[in-house]
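# Residue-level structural notes
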Amino acid sequence: MPAYSATAIVLQRRHFSETDNILTLYSPEIGRFSAIAKGARKPISRLSGATELLTCTRFGLASGKSLEIVTQVEVLESFPALRHELPRLAHGLYLADLLNHSVEDHAPSPELFELLRSGLRQLETLSPPELAARWFEVQLLGDLGYAPNLFECSICRAPVPGEFAREERFALSITQGGVLCPVHARPETNEDHSALGTGALRLLQTLEALGLGGSAALAALPAAGPRSLDQARLALRRSLRVHLERDMKSLEFLDSLRNSV
Amino acid sequence: MAVYYPKPLARLVSEFEKLPGIGPKSAQRLAFYIMRLPEEETRALADALTTIKASIKFCRICHNYSEGEICDICTDPRRDHTLLCVVAEPRDLIAVEKTGEFKGVYHVLQGVISPLDGIGPDKLRIKDLQQRVAEGDPRVEEVILATNPTVEGDTTSMYVAGLLKPLGVKVTRIAHGMPVGGDLDYADQATLIQAYEYRREL
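## Topic: the overall build of chain A
The helix and strand tally for chain A stands at six helices and eight strands. Secondary structure elements of chain A occur, N-terminal to C-terminal, as β-β-β-β-β-α-α-α-β-β-β-α-α-α. For chain A, the spread of C-alpha atoms along the three principal axes comes to 65 × 35 × 30 Å. Counting across all 261 residues of chain A, residues that qualify as buried make up 55%.

## Examining the interface of chain B and chain A
Across the boundary between the two partners, chain B contributes 24 residues, which contact 31 residues of chain A. Across the interface of chain B and chain A, roughly 2400 Å² is buried in total on both sides, 62% from carbon and sulfur atoms. Broken down residue by residue, the surface that chain B buries against chain A is led by Leu116, Val151 and Met158 of chain B, which jointly contribute 30%. Linking chain B to chain A there are three salt bridges. Asp154 of chain B serves as the salt-bridge partner of Arg83 of chain A, at 2.4 Å between the closest nitrogen and oxygen. Viewed at the interface, chain A and chain B are joined by seven residue pairs in polar contact (both at pLDDT 80 or more). Those elements that place two or more of their residues in the side of chain B that touches chain A are helix 7 (151-164) and helix 8 (189-197) of chain B. Within the side of chain B that touches chain A, the residues separate by chemical class into 13 nonpolar, six polar and five charged.

## Re the nonpolar core
Ranked by internal contacts, the top residues of the largest apolar core, which has 113 residues, are Tyr94, Leu99, Leu120, Phe136 and Leu196 of chain A together with Val143 of chain B. In this structure, Val143 of chain B is in contact with Leu84, Val86, Val133, Leu164, Val169, Lys170, Val171 and Thr172 of chain B, ignoring residues within four places of it in sequence. Counting nine residues, the second-largest nonpolar core is a separate cluster that includes Tyr5, Ala27, Ala31 and Leu37 of chain B.

## Looking at helix 3 (residues 130-143) of chain A
Residues and elements named next belong to chain A. A rise of 1.5 Å per residue sets the reference length of helix 3, with its 14 residues, at 20 Å; its end C-alpha atoms lie 20 Å apart and thus fit the reference within 8%. Those residues of helix 3 lying buried are Glu130, Leu131, Ala132, Ala133, Arg134, Trp135, Phe136, Glu137, Val138, Gln139, Leu140 and Leu141. Where helix 3 is buried, its residues meet helix 1 (86-100), helix 2 (110-125), helix 4 (198-210) and helix 5 (226-244).

## Describing a nonpolar patch on the surface
Where nonpolar side chains cluster on the molecular surface, the patch consists of Ile52, Ile56, Phe58 and Tyr65 of chain B and spans about 390 Å² of accessible area. Checked against the element boundaries, Ile52 of chain B lands in helix 3 (residues 39-55).

## A short note on the side chain of Gln12 of chain A
For Gln12 of chain A, the position within the fold is in strand 1 (residues 3-16). For Gln12 of chain A, a relative accessible area of 6% translates into the label buried. Sequence-distant contacts of Gln12 of chain A, defined by excluding residues within four places in its chain, comprise Ile22, Leu23, Thr24, Leu53 and Asn100 of chain A together with Leu116 and Asp117 of chain B.

## Brief notes about the packing of aromatic side chains
Aromatic ring pairs are described here by two measures, namely the spacing of the ring centres and the angle between the planes. One pass over the full model with this rule turns up four aromatic pairs over all chains. When the centroid spacing of 6.0 Å and the interplanar angle of 55° are considered together, the rings of Phe253 of chain A and Tyr159 of chain B count as tilted. Taken as a pair, Phe253 of chain A in helix 6 (residues 249-260) and Tyr159 of chain B in helix 7 lie in two separate chains rather than in one. Relative accessible area serves as the criterion here: at 3%, Phe253 of chain A is assigned to the buried category. With a centroid separation of 6.1 Å and 65° between ring planes, the pair formed by Tyr5 of chain B and Phe32 of chain B is classed as edge-to-face. Taken as a pair, Tyr5 of chain B in the segment before helix 1 (7-17) and Phe32 of chain B in helix 2 (residues 24-36) lie far apart in primary sequence, 27 residues in all. Look at Phe32 of chain B and you get partly exposed, because its relative accessible area is 32%.

## What about the domain arrangement of chain B?
Examined at the domain level, chain B breaks down into domain 1 (7-40) and domain 2 (79-174). A straight line from the C-alpha centre of domain 1 of chain B to that of domain 2 of chain B covers 37 Å.

Cut-offs used in this document
- Each chain has its residues counted from 1, following the order in which its sequence is written.
- Chains carry letters from A onward and ligands carry numbers from 1 onward, assigned in written order.
- Totals for whole chains, interfaces and linings use every residue, but because this is a predicted model, local features are given only for residues with pLDDT of at least 70 and side-chain atom pairs only at 80 or more, for both listing and counting.
- Calculated side-chain values reflect all of the structure's heavy atoms, with hydrogen atoms and water omitted.
- Counting from the N terminus, the helices are DSSP H or I runs at least four residues long and the strands are E runs at least two residues long.
- Burial here depends on accessible area, computed with a 1.4 Å probe over protein chains only, as a share of the maximum for the residue type. Under 20% is buried, over 50% is exposed, and the range in between is partly exposed.
- Contact criterion: two residues are considered in contact whenever any of their non-hydrogen atoms come within 4.5 Å of each other.
- The quantity reported as buried area is the accessible area (1.4 Å probe) lost by two parts once they are put together, taken as the sum for both.
- The term salt bridge refers to a side-chain nitrogen of Lys or Arg lying within 4 Å of a carboxyl oxygen of Asp or Glu.
- A 3.5 Å cut-off defines polar contacts: any pair of N or O atoms within that distance qualifies, except that in protein one atom must be a possible hydrogen donor and the other a possible acceptor, and neighbouring residues in sequence count only when both atoms are side-chain atoms.
- In the scheme used here, Gly and all other residues not listed as nonpolar or charged are polar, with Ala, Val, Leu, Ile, Met, Phe, Trp, Tyr, Cys and Pro taken as nonpolar and Asp, Glu, Lys and Arg as charged.
- We define the nonpolar core as a collection of buried residues of types Ala, Val, Leu, Ile, Met, Phe, Trp, Tyr and Cys that are connected through side-chain atoms lying within 4.5 Å of one another.
- In this scheme, a helix's expected span is set at 1.5 Å multiplied by one less than its residue total.
- Patch criteria: residues need more than 30% relative accessible area and no salt bridge. Like-charged residues are merged within 9 Å; nonpolar side chains of Val, Leu, Ile, Met, Phe, Trp and Tyr are merged within 5 Å.
- Residue exposure ignores everything except the shown protein chains as possible cover, and the areas themselves are Shrake-Rupley values with a 1.4 Å probe.
- Ring pairs are drawn from Phe, Tyr and Trp, using the six-membered ring of Trp, whenever the two centres fall within 6.5 Å, and their geometry is named by plane angle: stacked under 30 degrees, edge-to-face over 60, tilted for the rest.
- Domain limits in this description derive from either an automatic procedure or a database domain assignment.

Structural data, given as structure tokens:
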């Protein structure tokens, strides 16, 4: 039973037998993998805090027959501020859900690990927290190879917003692989076109330009209006739904929170 | 399995295996034990199993298991009906009852909000709780949220608190941090942060 250690963030946790948990972890060295934390649900277990969802932990692991076995833990970051505000926590779970369903097992990507860690750090303080989620989505799409072309019309190649800045009628097309200028955008009639105003387009451009390492600059961005945030959210959600071929379960709760406000 | 056991025995072993924490070995041991039981004891067990579904229901007020429409706790006039403890599962209620310290009444949510599993507030008894606090007689003065200190427990508590506070009721949550008999040296960072956060003056 070879032993080794790995840093990982807990993406998913399922009860198994009376006191065990099966964890889905994402590690920069291993990628996504599953491990069993035996006795983690006992009240005095050393494993319980470190194997909680959204915790970044240094794991001591042993290779089992079908699952890795957690032998030791040391919490590196627990993102405690997430657990004080419901929207922050709900967005944190969404990031974990999104990454969990975007990657294959044992396909390591240090960049995606850092993306999640930075996203969770930003969620602790950023206002509104959903800005961190939009940055995460834009960067995730880019890392998965689905980055939309946001700086020129995907049909006529005209720079956007450019001369159309006052027209407010842009769209993001998944089949065209990017943004469309007001001449070609038909969000009212074409289901593939997600409406974007100039504010939403500029927000998406800024979020993409920040890059994977640019999360620290999120706090300094000029405030985006609720309409721009909404349009960016809906356009990115549609894009992720098409590329990942599913909706995240965690979105239902986020939507219910949004509707209850 | 069918190769080794007669069919009725194989069926019993297979039914036991479906129970939580029961593996093939334990299922086999239980089945063989039942085979050795006297006829009347086996009948008593079978009768207990078949009647439990028919006679146990959920209390109309607190949603705990109950023999009648309303459970013994909700009908007990000696309990403090202005003090309401919210728990996720009936077994959590039993854990609180065993302390003998709590004299109020309960509300069982029948689960916790778990966004990653698609379990939202609509699948739990949260609306009933909101209605109970809004229209309760006598009026509920304090709601104690006794959910586990997990992400799901925190999510549920914050969501419920957000619904109940506008109703003018005091909402508290049970403390969490170091367990009794625990050791600071072995406590993880997350537990210690919470223990400091929920410290109290002596």
